[in-house]
Amino acid sequence: MTPCSSSRRGAHARCARARCRAGGAAGSGAAAAALLAAALLCAPAGAQPVQPLPVQPPAADPLPLLPPAAPAVPEGPATNPAAAAPGAATPPASAPSAPAASPPGAAPSGAAPSGAALPSPGAALPHAGAALPPAAPALPPGGTAPPAAAAAPAPAGSDAAPAADGASGPPFQLSVGRLLLAPLVLVQAQAVPYAGDDAFLQAGDVAEGQGFRVRRARVGFAGTLAGYVPFAVAGELAAGEDASARLSEAWIGYAHFPFAHLYFGAHDVPFSRSAMTGAGEGALIERPLAVRAMAPFRQVGLHVEGHFHDRAFSYFAGMFNGFQRSDQFFAGYVENAASFGNRFDNIAYVARLATEPLGPMPRSIQDLAAARPRLGAGASYFFSDGGTRDIHGVGADVLLHAAGAHALVELLWNQSDPESAPTQPTGQLAPVTSLGLVGEVGYFVRRIKLGVSARFEWLDPNLDLSDETDGWALTAGASYHFIDNVLKAQADFTHRQEAHGVALENDAVALQLQLNL
């Protein structure tokens, strides 16, 4: 028997050791078991090979992690938030390309930090690199989505009216949820290089001597709530000879129905087109002399207006505190904020019908857009049941825009009857009838931002008298628009000629720099 020391390599060595242990154990009762083990270990090379242990499967790929809480918005058009609403159709926008494959075991780019919450088992995971849709806004009680904040129409004549070029709102706006806000700023700084020796402010002249003047310094804000509740508050900081501050406008509107917009507060009376046009929207520095003397401006009251077929037909009807006017004709009507209520006068009633058959007219008297022709015409009436005098007023106006040119014609008529027991002192003892006629033309060269205008007006404060207050005025001017109608410089020359009595030296040259927001 070959000794056990003759070992072999590899499996043969293990076989020899097994036989050796079997031989040593032949005399014992475990011999059979040892021989069986040796036979199994020493199977010939051609027998079935030993099966290797199965290889452990690779570690499971880590679950993809959610992108950061504020993922980067993919380049391209902004996503419409309304698309996230249930049932909304998804726009056919191209999805961003998937990022390059990461090495095995590496976290994807932009992965959440360790400890970030994973989605619940079975939940669909977003595609790698895809941005999560924005969260749907909370709905108010009732389940209806809040309407987007939008600019609502302002009453005629307000500084919060639509932009001069026909745009839907002012040039600067701030949107906060359902609230839309815009500043109201009107600054008019004037220089008067020449004024005649007989120029007099109470007679309607621009100045009484050479020098400088702050014509207006108006500050406030306008806004819209929920798209159909417009409002505005503004103060005049340079009112009166002592530059004292006073309320300019303060009103609230309800413009939910296009056929009936309601406005309540201190705002312009819908009577004269030139008076209803904002103070900073004229082609010349000042409104026509006849309009300043014969048209009521801002008063406290309410009115309703409606517009049909894109303003092809419009109506205005309102009630205001009774109009007060000075005994000095050219001083015009008193703008009364009625902080103490209606103390001395009764109620004034106003009605106006207007048409713009070729589309809505821009805000400015000038044709700044130089677009297709547009035409606006209106007829107005008011009756003021005043405590000092009863006043009837009639007005008619036509404004034409065509390719940069504008033409304005306006007629005003007033009848004033003093009360037998006036509530305030007055020097008027007999009825007075006044008549004014205004004609204006101009052209705006959009390419060089320069406009030129000329205006002629004839005015008779009392048809029963012939004196030096009767006469005509001719004003010519130019305007350069640095920034649309927001920032512009103007220069005017006015010649006044008395029809009767003594000729007065009341011509004037005025320069103005204006900021209008």
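Just so it is clear, the structure is predicted and the values come from calculations on it, not from any experiment.

Things to note about the overall build of the protein
Consideration 1: Along its length, the protein carries four helices and 17 strands.
Consideration 2: Taking all 517 residues of the protein together, 38% fall into the buried category.
Consideration 3: For the protein, the proportion of contacts with a sequence separation of at least 24, taken over those separated by at least 6, is 62%.

Section: empty space enclosed by the protein
Consideration 1: Under the counting rule described, the total for this entry stands at two cavities of 30 Å³ or more.
Consideration 2: Here the lining of the largest cavity is composed, by residue class, of seven nonpolar, four polar and five charged.
Consideration 3: The calculated volume of the second largest cavity comes to roughly 100 Å³.
Consideration 4: Every residue lining the second largest cavity is counted, 13 residues in all, and those nearest its centre are L289, T469, G471, W472 and R496.
Consideration 5: Of the residues assigned to the lining of the second largest cavity, the class counts are five nonpolar, three polar and five charged.

Description of the packing of aromatic side chains
Consideration 1: Scanning the model with the defined rule gives 14 aromatic pairs in all.
Consideration 2: Three or more aromatic residues joined by ring pairs form one cluster here, namely Y228, Y254, F257 and F259.
Consideration 3: Here R325 stacks its cationic end above the ring of Y333, 4.7 Å away from the centre of that ring.
Consideration 4: Above the face of the F330 ring, R496 is positioned so that its terminal group lies 5.3 Å from the ring centre.

Digging into the nonpolar core
Consideration 1: Counting 22 residues, the largest nonpolar core has F323, F382 and L459 as its most contacted members.
Consideration 2: Mapped onto this core, the elements with two or more residues apiece are α4 (289–294) and β9 (347–355).
Consideration 3: Tallying contributions element by element places α4 first for this core, with five residues.
Consideration 4: Non-local contacts of F382, meaning those with residues more than four positions away in its chain, are made with F271, P296, F323, Y333, Y349, V350, I391, H392, G393 and N414.
Consideration 5: Judged by nonpolar contacts, the second largest core, of nine residues, contains L184, A232, A255 and Y263.

Quick notes on the pairing of strand β2 (residues 179–195)
Consideration 1: Bridge analysis of strand β1 (residues 174–176) against β2 gives three bridges, and the strand direction is antiparallel. Looking at β2, one finds that S175 is bridged to L180.
Consideration 2: By the bridge criterion, 14 bridges tie β2 to strand β3 (residues 211–225) in an arrangement that is antiparallel. Pairing of V192 across the sheet is with G211, part of β3.
Consideration 3: Judged from the eight bridges that link them, β2 and strand β17 (residues 508–516) form a sheet pairing that is antiparallel. Across the sheet, the residue bridging to V187 is L515, located in β17.

As for the side chain of E305
Consideration 1: Take E305: it is sitting in strand β7 (residues 298–308).
Consideration 2: No salt bridge is formed by the buried E305; the nearest opposite charge belongs to R311, separated by 4.9 Å.

Concerning unusual backbone geometry
Consideration 1: Even without a glycine there, the phi angle at A226 is positive, about 60°.
Consideration 2: On the secondary structure map, A226 appears in the loop between β3 and β4 (229–239).
Consideration 3: Positive phi, normally seen in glycine, also occurs at K449, with a value near 60°.
Consideration 4: By the secondary structure assignment, K449 is in the loop between β13 (432–445) and β14 (450–460).
Consideration 5: What makes K449 partly exposed here is its relative accessible area of 36%.

Observations concerning the pattern of salt bridges
Consideration 1: Taken as a whole, this structure holds twelve salt bridges when the rule is applied.
Consideration 2: Here D397 makes a salt bridge to R352, at a shortest N to O gap of 3.0 Å. Linking D397 in strand β11 (residues 389–402) with R352 in strand β9, this pair joins segments that are 45 residues apart in sequence.
Consideration 3: Salt bridges here are not isolated pairs; linked through shared partners, they connect E249, D268 and R298.

Quick word on the environment of A203
Consideration 1: By the element assignment, A203 lies in the loop between β2 and β3.
Consideration 2: Each C-alpha atom, one on A203 and one on F329, is 8.0 Å from the other, the two residues being 126 residues apart in sequence.
Consideration 3: Excluding residues within four positions of it along the chain, A203 makes contact with L289, F330 and R496.

Some thoughts on the confidence of the model for the protein
Consideration 1: For the protein, mean pLDDT is 77; residues scoring 70 or higher make up 68% of the total.
Consideration 2: Of the regions scoring below 50 in pLDDT, residues 1–33 engages in 14 contacts with residues more than four places distant in sequence or in other chains.
Consideration 3: The low-confidence segment residues 162–168, where pLDDT is below 50, has twelve contacts with residues more than four positions distant or belonging to other chains.

Thoughts on the environment of A473
Consideration 1: Locating A473 in the fold gives a position in strand β15 (residues 471–483).
Consideration 2: By relative accessible area, A473 is classed as buried at 6%.
Consideration 3: Separated by 23 residues in sequence, A473 and R496 place their C-alpha atoms 4.3 Å apart.
Consideration 4: Once residues lying within four places of it in the same chain are set aside, the contact partners of A473 are R455, F456, E457, H495 and R496.

A short note on the pairing of β9
Consideration 1: With burial as the criterion, only one face of β9 is covered, namely that bearing A348, V350, R352 and A354; the residues I347, Y349, A351, L353 and T355 on the opposite face remain uncovered.
Consideration 2: Here strand β8 (residues 313–321) pairs with β9 via eight bridges, running antiparallel. Bridging from a neighbouring strand, A317 pairs with A351 of β9.
Consideration 3: Where β9 meets strand β10 (residues 374–385), eight bridges bridge the pair, whose relative direction is antiparallel. If you follow Y349 over to β10, its bridge partner there is F383.

Examining the side chain of S479
Consideration 1: For S479, the position within the fold is in strand β15.
Consideration 2: Since its relative accessible area comes to 1%, S479 is described here as buried.
Consideration 3: One polar contact links S479 to H481, side chain to side chain, over a distance of 3.3 Å.

Brief notes about a nonpolar patch on the surface
Consideration 1: Together, Y254, F257, F259, L262, F264, L302, F308, F313 and L353 line one region of the surface with nonpolar side chains, adding up to about 840 Å² of accessible area.
Consideration 2: When contributions to the nonpolar patch are tallied by element, the ones reaching two or more residues are β5 (244–257), β6 (260–268) and β7.
Consideration 3: The topology assignment puts L302 in strand β7.

What counts, and at which threshold
- Residues numbered from 1 in each chain as written.
- Predicted model: local features only at pLDDT ≥ 70, side-chain atom pairs only at ≥ 80, totals over all residues.
- Heavy atoms only, no water.
- Helix = DSSP H or I, 4+ residues; strand = E, 2+ residues; numbered from the N terminus.
- Buried < 20%, exposed > 50% of the residue type's maximum accessible area, 1.4 Å probe, protein only.
- Contact = heavy atoms within 4.5 Å.
- 1 Å grid on protein atoms, 1.4 Å probe; cavity = no way out; pocket = protein on both sides within 12 Å on 5 of 7 lines; lining within 4 Å.
- Points joined across faces, edges and corners; volume = space filled by probe spheres on them.
- Nonpolar A, V, L, I, M, F, W, Y, C, P; charged D, E, K, R; others polar.
- Phe/Tyr/Trp six-rings, centres within 6.5 Å; stacked < 30°, edge-to-face > 60°.
- Lys NZ or Arg CZ within 6 Å of the ring centre and 35° of its normal.
- Core = buried A, V, L, I, M, F, W, Y, C linked by side-chain atoms within 4.5 Å.
- Pairing = 2+ DSSP bridges.
- Lys, Arg positive; Asp, Glu negative; His and termini not counted.
- Salt bridge = Lys/Arg side-chain N within 4 Å of Asp/Glu carboxyl O.
- pLDDT = per-residue confidence, 0-100.
- Polar contact = N/O pair within 3.5 Å; in protein donor to acceptor, adjacent residues only side chain to side chain.
- Patch = residues over 30% accessible without salt bridge, like charges linked within 9 Å, V, L, I, M, F, W, Y side chains within 5 Å.
- Areas by Shrake-Rupley, 256 points an atom, 1.4 Å probe, with all protein chains shown as cover.

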